[in-house]
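Summary of the model geometry
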Amino acid sequence: MTEPEPKRDPEDRTETDLMDPDEPPSCSSLTTNQLQQNLRAVKKRERPVRLLFEIPTTRIIKDVLTEYVVYEVVVMRSGSFDSRRSSVERRYSDFSRFHHKLLKEFNEELEDVVLPRKLLSGNFCPELISERRLGLQHYLAQLYAVRCIRHSPRFPEFFTEPEQKRAHGLLRGGQFQLAVDQLQTVLEVQEKLLPWQNPTLIVPTLSALAVCYRDLEEPEQAFAAAQRALPPTRRYGLKRYRASLLDLLVDLGYQLGRPVAQLQEELTVLRDAERGEVSSCSLKELVVHEFT
């Protein structure tokens, strides 16, 4: 059996690694100017792929009993291939909880990573808010620089878990369009983090999107989301998701007039082989119990 290729750290990858390989070959008849342009383009693509974090804005939230500052955290991947800026909002207390979770697993590795200190007074002073904003931005960059942190499942949780919980709460309440809006934000952020994470990271999000789109009577969107979620469940043995996704895809496939014979056969073989071990619940039943 052929040994699988070792997983490369995206820090060692370049934009060329992420491009379509079906690129036309160079031509010996190119002019000097064209060759120089091609060389500049190749050098641009050879830049290492990295995550970038920015906290460009803050705002003060005033509730009846409390007042606090929220920070807009923007996540980007370096390089011209990713110009989208995905953002979430977090309070200082979110950063603090995240840091203490990491310390439980990576205390030694975080010896030189310092979270900006908690302010005992002057929390709403513009100068101090700006100072803390820059400090938190630097903190995220420091975390990312630690290899075991950027590959840890704890890392994406900080950027997506609150939105996941909010989205699933909306889904359970039947507010599917609002849930889709939250889930799309989660998916955008997860896609940026994916090169450093297990590919199954996006499966719960895509499954929830498939459920929402189906209840919104958008079968094409539901089919596309479920179809994208299926390959990681096959490769990494997520049996409970795989069977439920296949069941949904077969049902939607019939509705859309798509060929479903192979999907139906895969589902039958899976259930026969794993009788009693594969859940027979629907994808919706599976999704509503996530992030409770």
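Refer to the structure presented above.
These notes cover the structure that comes with them.

The rules we used
Residues numbered from 1 in each chain as written. Predicted model: local features only at pLDDT ≥ 70, side-chain atom pairs only at ≥ 80, totals over all residues. Heavy atoms only, no water. Salt bridge = Lys/Arg side-chain N within 4 Å of Asp/Glu carboxyl O. Helix = DSSP H or I, 4+ residues; strand = E, 2+ residues; numbered from the N terminus. Buried < 20%, exposed > 50% of the residue type's maximum accessible area, 1.4 Å probe, protein only. Pairing = 2+ DSSP bridges. Polar contact = N/O pair within 3.5 Å; in protein donor to acceptor, adjacent residues only side chain to side chain. 1 Å grid on protein atoms, 1.4 Å probe; cavity = no way out; pocket = protein on both sides within 12 Å on 5 of 7 lines; lining within 4 Å. Points joined across faces, edges and corners; volume = space filled by probe spheres on them. Core = buried A, V, L, I, M, F, W, Y, C linked by side-chain atoms within 4.5 Å. Contact = heavy atoms within 4.5 Å. Expected span 1.5 Å × (residues − 1). Arc of directions from axis to C-beta.

**Structural notes on the pattern of salt bridges**
Counted by the stated rule, this structure contains twelve salt bridges. Put simply, R234 and E266 hold a salt bridge, and the shortest N to O gap is 2.8 Å. Of this pair, R234 sits in helix α8 (residues 219-235) while E266 sits in helix α10 (residues 261-273), and the two are 32 residues apart along the sequence. Given the relative accessible area of 15%, E266 is considered buried. Among the ionic pairs, E266 bridges to R242, the shortest N-O distance being 3.0 Å. Of this pair, E266 sits in helix α10 while R242 sits in helix α9 (residues 239-256), and the two are 24 residues apart along the sequence. Through salt bridges with shared partners, a single ionic network connects E105, R154 and E157.

**Here we look at the pairing of strand β4 (residues 86-91)**
Side chains of β4 alternate between two faces, with S86, V88 and R90 buried and S87, E89 and R91 left unburied. As paired strands, strand β3 (residues 67-77) and β4 are joined by six bridges and run antiparallel to one another. Bridge pairing links E72 to E89 in β4.

**Examining the side chain of R77**
The topology assignment puts R77 in strand β3. Overall, the relative accessible area of 14% leaves R77 in the buried class. At a separation of 3.0 Å, a polar atom in the side chain of R77 contacts the main-chain carbonyl oxygen of E191.

**Concerning the layout of surface pockets**
Its boundaries defined by the atoms lining it, the second largest pocket holds a volume of some 380 Å³. If you go around the second largest pocket, you meet 20 residues; those closest to its centre are Q190, T200, L201, P204 and F291. Secondary-structure elements contributing two or more residues to the lining of the second largest pocket are α5 (154-172), α7 (203-215) and α9. No other element matches the five residues that α5 contributes to the lining of the second largest pocket.

**Here we look at the nonpolar core**
One broad rule of soluble globular proteins: the nonpolar side chains tend to lie buried together. Ranked by internal contacts, the top residues of the largest apolar core, which has 37 residues, are L171, L209, C212, L245 and L283. Among residues more than four places away in sequence, those in contact with L209 are V180, L183, Q184, L187 and A225. F53, Y92, V113 and F158 belong to the second-largest nonpolar core, a separate cluster that totals 31 residues.

**Overview of α9**
Taking 1.5 Å as the rise per residue, α9 with 18 residues should run 26 Å; its terminal C-alpha atoms sit 25 Å apart, in good agreement. Residues of α9 that are buried include every one of Y241, A243, S244, L245, L246, L248, L249, V250, L252 and G253, and no others. Where α9 is buried, its residues touch α7, α8, α10 and α11 (283-288). Downstream of α9 by one or two residues, G257 has phi in the positive range, about 75 degrees.

**Details of α10**
The end-to-end C-alpha distance of α10 is 18 Å, a good match for the 18 Å that 13 residues give at a rise of 1.5 Å each. Taken together, the buried positions of α10 are occupied by L263, E266, L267 and L270. Projection of α10 onto a plane perpendicular to its axis shows the buried side chains occupying an angular sector of 100 degrees, all on one side. Across α10 from its buried face, at more than 90 degrees, point the exposed residues A261 and E265. Residues of α10 that are buried in the fold lie against α8 and α9.

**Here's the deal with the environment of L263**
As for its position among the elements, L263 is in helix α10. By relative accessible area, L263 is classed as buried at 14%. C-alpha separation for the pair L263 and D247, spaced 16 residues apart in sequence, amounts to 8.3 Å. Every residue in contact with L263, bar those within four places of it in the chain, is listed here: L230, R234, L246, L249 and V250.

**What to know about the side chain of S86**
Its location among the elements puts S86 in strand β4. Given the relative accessible area of 2%, S86 is considered buried. Within the structure, the side chain of S86 is placed 3.3 Å from the side chain of E188, a separation counted as a polar contact. Sequence-distant contacts of S86, that is, excluding residues within four places in its chain, are made with V73, V74, V75, E188, V189 and K192.

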